[in-house]
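As a plain string of letters, each chain reads:
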Amino acid sequence: MVSSQPAGVPTLRSVDHVAFTVPVLADAVAFFVDHFGGELVYEDGPFADAASDGMYRRLHVDPKAVCRIAMVRIGLHMNIELFEYDAPEQAPAPPRNSDIGGHHLAFYVDDIDLSYEYVKSIPGVEVMEGPNGVDERAPVAGQRWFYFRTPWGMQMELTTCSTGGFYEGLPGSRMAPPADRWR
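Calculation criteria
- Residues numbered from 1 in each chain as written.
- Predicted model: local features only at pLDDT ≥ 70, side-chain atom pairs only at ≥ 80, totals over all residues.
- Heavy atoms only, no water.
- Phe/Tyr/Trp six-rings, centres within 6.5 Å; stacked < 30°, edge-to-face > 60°.
- Buried < 20%, exposed > 50% of the residue type's maximum accessible area, 1.4 Å probe, protein only.
- Helix = DSSP H or I, 4+ residues; strand = E, 2+ residues; numbered from the N terminus.
- Salt bridge = Lys/Arg side-chain N within 4 Å of Asp/Glu carboxyl O.
- Expected span 1.5 Å × (residues − 1).
- Arc of directions from axis to C-beta.

Peer 1: Quick one: what's the story with the packing of aromatic side chains, residue by residue and with numbers?
Peer 2: Counted according to the given criterion, the structure contains eleven aromatic pairs. Residues Phe-31 and Phe-32 carry aromatic rings whose centres are separated by 5.7 Å and whose planes lie at 90° to one another, so their mutual orientation is edge-to-face. Side by side, Phe-31 and Phe-32 carry an identical accessibility label, which is buried. Ring geometry for Tyr-116 against Phe-146: centres 4.8 Å apart, planes inclined by 85°, an arrangement best described as edge-to-face. One end of the pair, Tyr-116, is in helix H3 (residues 112-120); the other, Phe-146, is in strand S8 (residues 144-149), with 30 residues separating them in the sequence. Phe-146 gets classed as buried once you look at its relative accessible area, which sits at 0%. Chaining the aromatic ring pairs together yields one cluster made of Phe-31, Phe-32, Phe-36, Phe-107, Tyr-116, Phe-146, Phe-148 and Trp-152.

Peer 1: Please give an account of the pattern of salt bridges that cites residues and values.
Peer 2: The final tally for this structure, using the stated rule, is eight salt bridges. Its salt-bridge partner being Glu-43, residue Arg-68 comes within 3.7 Å of it at the nearest N-O pair. With Arg-68 in strand S3 (residues 66-74) and Glu-43 in strand S2 (residues 39-47), this residue pair connects regions lying 25 residues apart in the sequence. Note on Glu-43: relative accessible area 46%, which makes it partly exposed. For the salt bridge of Glu-126 with Arg-149, the shortest nitrogen-to-oxygen distance reads 3.0 Å. Here the residue Glu-126 occupies a position in strand S6 (residues 126-127), and Arg-149 occupies one in strand S8, the gap between them amounting to 23 residues. Exposure remark for Arg-149: the relative accessible area of 31% places this residue in the partly exposed category. The network of salt bridges with common partners includes Glu-43, Arg-68 and Glu-84.

Peer 1: Summarise helix H1 (residues 25-36); cite the residues concerned and give the values.
Peer 2: Spanning twelve residues, H1 covers 16 Å between terminal C-alpha atoms, matching the ideal 16 Å at 1.5 Å per step. Listed as buried for H1 are Leu-25, Ala-28, Val-29, Phe-31, Phe-32 and Phe-36. Projected onto a plane normal to the axis of H1, the buried residues spread over an arc of 155° and lie on a single side. With respect to the buried face of H1, the exposed residues turned more than 90 degrees away are Ala-26 and Asp-34. Backbone geometry just after H1 places Gly-37 at a positive phi near 65°.

Put into structure tokens, the structure is as follows:
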């Protein structure tokens, strides 16, 4: 009998969510709802474990940490879990892309130039140089992109490939393509 299950984690079949720690939960929720069409699914907490080191054992955070969470649905296929922590010795600055643990969240857009102008108009957002192209010999030839930082410093990217080459015939074609519609 041939199994369709890939090697690795048994019964794995989908990405459920990505999570980010933010300084002010309400501000981050509003950012994703107002500017990315997100839908607040729920908020929960605060969570703490003053009686033991459970926060450390479960989440690898300071045992005295207290957190609140929110789940925001973005588009058809993505959930973003946002954490707000109050913890001793918490590092207040987000990591840069070059730091271990550095990250960014990227969204696909159809019109990168229009999206660039919109993101530049969001109060508190720092937009990096762009939109940028890639070398025509790159595995993602035809891609255009730019980075920006949210008001709290989280790094994000908008990307597009209006030439179609990104998802057809190049190594990029093995990537999961953007959805045909947002919602």
